[in-house]
Amino acid sequence: MAISDPDFVIAWKQVLEMCKVKAGEQLTILTSDDSNPQIVATCRIAATQIGAVVSLLNLPPMNGEKALSRDKSGYVGKTALAFNSAALACLKASDMVIDTMQLLFSPEQEQILKGGTRMLLAVEPPEVMLRMMPTMEGKARVLAAEKLLKKAKVMTVTSKAGTDFRCALGQYPVLTQYGLADEKGRWDHWPSCFVARWPDEGTCEGTIVIDEGDIMLPFKMYARDRVVLTIEKGFVTKIEGGFMADYMKEFMDSFDAPEAYAMAHVGWGLEPRASWTQLGLYDPESGLSMDSRTFAGNFLFSTGPNTEAGGTRDVPCHLDIPLRKCSLSLDGEAMTIEGKVVQPPM
Ligand SMILES: O=c1ccc(O)c[nH]1
């Protein structure tokens, strides 16, 4: 259902204040032709009410003729900023950027953050953003999980469906997402509530089973049959099964980039307000489905780029695959048991 502009302005004001936006700060709303107008308009009002110096920067859409999907997460990392030094300079000079076009996994995003700019991605349907307003409790839960993931050396994931996966940890920083860009140089995505990390290069081993009902993004599909992935030395080396396996393989092959098969961030969802069922109730193109990435107790694994972690893999093919009913442990200590969060306490 839609939400009203006044309600969304109130929500934006709360979120911008939680992102420590102050009067006089330079806040730029980055837009493109497919930005959600209600997100842009209500954010602009709220930021102005706070007294921020508000700019709107509109960039042309990109990759339309290259991508197989209009979903922003279907082809990542290549943006109009690549050839636009004026726009890049504007964003680097901003204290806060509200990204309504999705720079995620672009080298330019990393350059902007490096200078201390805060960046909040806002591309989900407004009612989803309102339903999952960032909270201090959610932030505390994610930071508690970050502490556990930071000190961990090994992640193991198992499931009754047959998943038996492990990787070493330590090479890359922990990815925390709690929906607020509230520290200098921090990126986040409203709505979010999950923790993840890129495994040490070459250390992912084992089997991951995508069982019936597990979610495959950016396909926005529930798996209708099992897919068995063989993981060796950090890469997906075999994709076995029926239709879903063929579909997944065909999509990844279409990028003609071996790096598409690299394992990327692995972690677990911490959002009790997110729902596994949401994906089935929405038009696939209506958003990224952060419900799927963040529902409490999922094991979210991904493939492809690692630029967000400071790596050099900037392949545009990025799959996010949240699994249900997995048991994820860090150095033998259970974080989730059969899809239920046990650490940190919910
Ligand atoms: O918010 C996001 C969205 C996609 C992703 O891979 C990570 N975080």
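Residues numbered from 1 in each chain as written. Predicted model: local features only at pLDDT ≥ 70, side-chain atom pairs only at ≥ 80, totals over all residues. Heavy atoms only, no water.

Caption draft 1: Geometry of the site of the ligand. Taken together, the neighbourhood of the ligand is formed by Leu 104, Phe 105, Gln 177, Trp 187, His 189, Phe 194, His 265, Met 290, Arg 293, His 318 and Asp 320. One nitrogen or oxygen atom from the side chain of His 189 is found 2.7 Å from an oxygen atom belonging to the ligand. Between an oxygen atom of the ligand and a side-chain N or O atom of Asp 320, the distance comes to 2.9 Å. Within the complex, 99% of the 240 Å² of free accessible area of the ligand lies under protein. (Near = heavy atom within 4 Å. Polar contact = N/O pair within 3.5 Å; in protein donor to acceptor, adjacent residues only side chain to side chain. Areas by Shrake-Rupley, 256 points an atom, 1.4 Å probe, with all protein chains shown as cover.)

Caption draft 2: Representation of the pairing of strand E19 (residues 333–337). Where strand E18 (residues 326–330) and E19 come together, three bridges link them in antiparallel fashion. Its bridge partner lying in E19, Leu 328 is registered against Thr 336. Connecting E18 to the antiparallel partner E19 that follows it, the hairpin turn spans two residues, and Asp 331 within it adopts a positive phi of roughly 50 degrees. Alignment of E19 against strand E20 (residues 340–341), held across two bridges, turns out to be antiparallel. By the bridge assignment, Ile 337 is partnered in E20 with Lys 340. Counted along the chain from E19 to the antiparallel partner E20, the turn is two residues long, and its residue Glu 338 has a positive phi close to 45 degrees. (Pairing = 2+ DSSP bridges. Helix = DSSP H or I, 4+ residues; strand = E, 2+ residues; numbered from the N terminus.)

Caption draft 3: Seen up close, the domain arrangement of the protein. Parsing the protein into structural domains produces domain 1 (5–123) and domain 2 (133–341). Each of domain 1 and domain 2 has a C-alpha centre, and the two are 24 Å apart. Between domain 1 and domain 2, the contact holds 32 residues from the first and 34 residues from the second. The contact between domain 1 and domain 2 buries some 2,900 Å² in all, and 63% of this surface belongs to carbon and sulfur atoms. On the surface where domain 1 and domain 2 come into contact, there are four salt bridges. A salt bridge links Lys 20 to Glu 183; its shortest N-O distance comes to 3.2 Å. Counting across the interface, domain 1 meets domain 2 through 14 residue pairs in polar contact (both at pLDDT 80 or more). (Domains from an automatic or database assignment. Contact = heavy atoms within 4.5 Å. Buried area = accessible area lost by both parts, 1.4 Å probe. Salt bridge = Lys/Arg side-chain N within 4 Å of Asp/Glu carboxyl O.)

Caption draft 4: View of the packing of aromatic side chains. Summed over the entire model, instances satisfying the criterion amount to 11 aromatic pairs. Centroid distance Phe 8 to Trp 12: 6.1 Å. Interplanar angle 45 degrees. Geometry classified as tilted. Linking Phe 8 with Trp 12, this pair stays in helix H1 (residues 5–18), spanning four residues, or about one helical turn. Pair check on accessibility: Phe 8 and Trp 12 agree, each one buried. Cluster of aromatic residues (ring-pair linked, three or more members): Tyr 75, Phe 219, Phe 243, Tyr 247, Phe 251 and Phe 255. (Phe/Tyr/Trp six-rings, centres within 6.5 Å; stacked < 30°, edge-to-face > 60°. Buried < 20%, exposed > 50% of the residue type's maximum accessible area, 1.4 Å probe, protein only.)

Caption draft 5: Region of interest: the nonpolar core. Counting residues in hydrophobic clusters, the biggest one holds 79 residues, and the most contacted among them are Trp 12, Met 248 and Phe 299. Here this core gathers at least three residues from each of two domains, domain 1 (5–123) and domain 2 (133–341). In this structure, Trp 12 is in contact with Ile 39, Thr 42, Cys 43, Ala 46, Ile 98, Leu 120, Ala 122, Met 129 and Trp 190, ignoring residues within four places of it in sequence. The next biggest cluster of nonpolar side chains, apart from the first, holds 30 residues, and it includes Val 76, Leu 88, Val 97 and Phe 194. (Core = buried A, V, L, I, M, F, W, Y, C linked by side-chain atoms within 4.5 Å.)

Caption draft 6: Local environment of the environment of Ser 275. Inspection of the secondary structure assignment puts Ser 275 in the loop between strand E15 (263–269) and helix H8 (290–294). The partly exposed category is assigned to Ser 275, whose relative accessible area is 23%. For the pair Ser 275 and Lys 325, spaced 50 residues apart in the sequence, the C-alpha separation amounts to 14 Å. Non-local contacts of Ser 275, meaning those with residues more than four positions away in its chain, are made with Asp 291 and Phe 295. A polar contact is formed between the side chain of Ser 275 and the side chain of Thr 277, at a distance of 2.5 Å.

Caption draft 7: Region of the structure containing empty space enclosed by the protein. Throughout the structure, instances matching the rule amount to four cavities of 30 Å³ or more. By volume, the largest cavity amounts to about 140 Å³. Surrounding the largest cavity, 18 residues form its lining, Leu 104, Phe 105, Arg 293, His 318 and Asp 320 being those nearest its centre. Mapped onto the lining of the largest cavity, the elements with two or more residues apiece are strand E7 (174–177), strand E8 (187–189) and H8. Taken together, the residues that form the lining of the largest cavity break down as nine nonpolar, six polar and three charged. (1 Å grid on protein atoms, 1.4 Å probe; cavity = no way out; pocket = protein on both sides within 12 Å on 5 of 7 lines; lining within 4 Å. Points joined across faces, edges and corners; volume = space filled by probe spheres on them. Nonpolar A, V, L, I, M, F, W, Y, C, P; charged D, E, K, R; others polar.)

Caption draft 8: Layout of the pattern of salt bridges. Per the stated rule, a full pass over the model turns up 18 salt bridges. Lys 78 serves as the salt-bridge partner of Asp 314, at 3.4 Å between the closest nitrogen and oxygen. Here Asp 314, found in the loop between strand E16 (299–303) and strand E17 (319–323), pairs with Lys 78, found in the loop between strand E2 (53–58) and helix H3 (85–92); they are 236 residues apart in sequence, far enough to count as distant. What makes Lys 78 partly exposed here is its relative accessible area of 31%. The shortest N-O distance in the salt bridge between Glu 271 and Arg 273 comes to 2.9 Å. Three or more residues joined by partner-sharing salt bridges are found here, namely Lys 139, Asp 182, Arg 186 and Asp 188.

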